[in-house]
Amino acid sequence: MKERLWIRAGKLYTPRCVYDGATVVARAGLIQGVLPGDQAAPAAGDVVIDAREHIVAPGLIDIHVHGGGGHDTMDATPEALDGLAAFHARHGTTALLPSTVAASPEEVHRALEAVEEAMARPPAGARVLGAHVEGPFLNPARRGAHVERQVRSPDRARDDWLTRHQAAIRRITLAPELPGALELIRDMRAGGVLVSLGHSAPSEDVLQQALMAGASHVTHLFNAMSTLEKMGPLRRVGLAEYALVCDGLTVEVIGDGLHLPFALVQLIVRAKGASQVALVTDAMRAAGLPDGRYQLGGMAATVRGGMAVTDEGGLAGSVATMDQLVRNAVAGVGLPLAQALEMATLTPARILGIAARQGEIAVGKAADFVILDRALRVVETIVDGNVMRDA
Ligand SMILES: [Zn+2]
């Protein structure tokens, strides 16, 4: 493609630098230049987007999302993967990791196969970067909305899907205290997979071994994990507090205002800094749909008033979208917009190890953008230099 894409921005967030009035030029899916003012000099055939009334930021990156728009990763069909990628693109997401849940090896295999195929297609919305395997290697006592009978320790004979789909797996969430988990962390890390601790209540000793083995991230901080508890007259920290003070661990928060009180999100950002805390939706299929009954990886959930609850009474993921999380981080948590955007763009890109190519508006990086109005609602999403339009 020879034509260039010009975006004239009212305010441009890189996200860490903020420019009043700037123009971004992209060609063949890559950013060619970031120029001051709006002195664009487009040639015939170039596409010009006038966002002088708007905010331009890098596309949002969701590293933990199960579904949305009626689709779920575990549906394991091209329609489901394209459907959830298209749904979240309407909410500013330009790249995501479709996430699996604890299920049988056969079901996980099918879901990973569908992710692999989606990765090979041109994006139907947000780019499918690979899969986040959440479960089945979770602590049964902290399984949250994962089906009890599917939660278990790694079993190399049964889990051949781990090697069969190595190319598709970008991230795994596991509980390091399970038998065989530390060895799995080493193997996954050696294969370039982001290893994230979650659905877990490890001892401090196991935690340190998990870090040594290569774990570097923590899944939905404070949800489904051990926290500060009283042991006789003393207090013992859990995984959550350990993650707050350990610089070797990045974290993510479900900033929907339900999984965590906003004051706790503020505490987390103060402790870790915006460069170590990613916003994630952990969205399930009902995101964007009306209240009702929905299936979530073999479990039923009821959605009412923006809250998804399992029949056991726990939260069943969220119905949030990334643009909503950015608005929450500003209006609810009280963070500056630059920080909120960093937590939804550059930070998740760095956590995933793709910041050299994505997550920032800079020369040489991917032409993935979100254009927001002054109320932070999505005006346009651009993936690989293409404006996403509803099919
Ligand atoms: Zn979870």
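Residues numbered from 1 in each chain as written. Predicted model: local features only at pLDDT ≥ 70, side-chain atom pairs only at ≥ 80, totals over all residues.

### Points about the confidence of the model for the protein chain
Here comes step 1: Mean pLDDT over the protein chain stands at 96; residues scoring 70 or higher make up 99%.
Here comes step 2: In the model of the protein chain, strand E18 (residues 292-296) stands out as the element of lowest mean pLDDT, 89, in contrast to strand E17 (residues 277-280), which has the highest, 99. (pLDDT = per-residue confidence, 0-100. Helix = DSSP H or I, 4+ residues; strand = E, 2+ residues; numbered from the N terminus.)

### Topic: the packing of helix H4 (residues 181-190) against helix H5 (residues 204-213)
Here comes step 1: Closest axis-to-axis distance for the H4/H5 pair is 8 Å, and the angle between their directions is 20°. Put simply, H4 runs roughly parallel to H5. Here H4 runs over H5; the crossing is right-handed. Each of Leu182, Ile185, Arg186 and Arg189 in H4 lies in contact with H5, whose residues at this interface are Gln209, Ala210 and Ala213.
Here comes step 2: A breakdown of the residues in the contact of H4 with H5 according to their chemical character gives four nonpolar, one polar and two charged. (Axes fitted to C-alpha atoms, helices over the stretch in contact; angles between N-to-C directions. Parallel < 35°, antiparallel > 145°, perpendicular 65-115°, else oblique. Left-handed = near helix turned anticlockwise from the far one by under 90°. Contact = placed C-beta atoms within 7 Å. Nonpolar A, V, L, I, M, F, W, Y, C, P; charged D, E, K, R; others polar.)

### Side note on the sheet that holds strand E2 (residues 18-27)
Adjacent strands of a sheet form backbone hydrogen bonds with each other and so pair up, either parallel or antiparallel.
Here comes step 1: The strand order E3-E2-E1-E4-E21-E22-E23 describes an open sheet built from seven strands, whose pairing is mixed. The sheet is open, and its two borders are formed by strand E3 (30-36) and strand E23 (386-387), each paired with just one other strand.
Here comes step 2: Here strand E4 (residues 47-58) pairs with strand E21 (residues 369-372) via four bridges, running antiparallel. Bridged to Val56 within E21 is Ile371. (Pairing = 2+ DSSP bridges.)

### Some remarks on the pairing of strand E16 (residues 250-254)
Here comes step 1: In terms of burial, E16 is largely enclosed, as five of its five residues are buried.
Here comes step 2: Relative to E16, strand E13 (residues 217-218) is paired through two bridges, and the arrangement is parallel. By the bridge assignment for E16, Val218 is matched with Val251.
Here comes step 3: Pairing of E16 with E17, which is carried by four bridges, proceeds in the parallel orientation. Among the inter-strand pairings, Ile254 is bridged to a residue of E17, identified as Val280.
Here comes step 4: Crossover connection from E16 via helix H7 (residues 262-272) to parallel E17: handedness right-handed. (Buried ≥ 20, exposed ≤ 12 C-beta atoms within 10 Å, placed from the backbone. Right-handed = clockwise from strand over helix to strand, strands pointing away.)

### Some thoughts on the environment of Thr347
Here comes step 1: Looking at the element boundaries, Thr347 is found in helix H10 (residues 346-352).
Here comes step 2: Classification of Thr347 by C-beta neighbours within 10 Å gives buried; the count is 28.
Here comes step 3: Sequence spacing of Thr347 and Ile61 is 286 residues, and the spatial spacing of their C-alpha atoms is 8.9 Å.

### A word on the domain arrangement of the protein chain
Here comes step 1: Domain parsing of the protein chain yields domain 1 (4-57 + 376-387) and domain 2 (60-358).
Here comes step 2: Summarising the inter-unit geometry, the C-alpha centres of domain 1 and domain 2 are found 31 Å apart.
Here comes step 3: Of the residues lining the interface, eleven residues belong to domain 1; the matching set on domain 2 comes to 18 residues.
Here comes step 4: No other element matches the three residues that strand E22 (residues 378-383) contributes to the side of domain 1 that touches domain 2.
Here comes step 5: Across the side of domain 1 that touches domain 2, the residue classes break down as seven nonpolar, one polar and three charged. (Domains from an automatic or database assignment.)

### Observations concerning the environment of Val253
Here comes step 1: By secondary structure assignment, the location of Val253 is in strand E16.
Here comes step 2: Put simply, Val253 and Leu325 are 72 residues apart on the chain and 9.8 Å apart in space, counted from C-alpha to C-alpha.

### Observations regarding the environment of Gly313
Here comes step 1: Position of Gly313 relative to the elements: it lies in the loop between strand E20 (307-310) and helix H8 (322-333).
Here comes step 2: Residue classification places Gly313 among the exposed residues on the basis of 6 C-beta atoms within 10 Å.
Here comes step 3: Distance in space between the C-alpha atoms of Gly313 and Thr302 is 9.7 Å, their sequence separation being eleven residues.

### Description of unusual backbone geometry
Here comes step 1: Omega for the peptide link from Thr14 to Pro15 comes to 20°, which places this bond in the cis form.
Here comes step 2: For Pro15, the location among the structural elements is in the loop between strand E1 (4-13) and E2.
Here comes step 3: Of note, the bond from Gly135 into Pro136 is cis; its omega dihedral lies within 30 degrees of zero at 10°.
Here comes step 4: By the element assignment, Pro136 lies in the loop between strand E10 (131-134) and helix H3 (161-164).
Here comes step 5: For Ala224, which is not glycine, the phi dihedral falls at a positive 60°.
Here comes step 6: Within the element layout of this structure, Ala224 appears in the loop between E13 and strand E14 (229-231).
Here comes step 7: In this structure, Asp384 is a non-glycine residue whose phi angle is positive, near 55°.

### Structural notes on the sheet that holds E16
Here comes step 1: Strand order in this open sheet of six strands is E10-E11-E12-E13-E16-E17, and the pairing throughout is parallel. Among the strands making up the open sheet, the edge pair consists of E10 and E17.
Here comes step 2: Most of the contacts of H7 go to E16, to which it runs at about 165°, and overall it touches E16 and E17.

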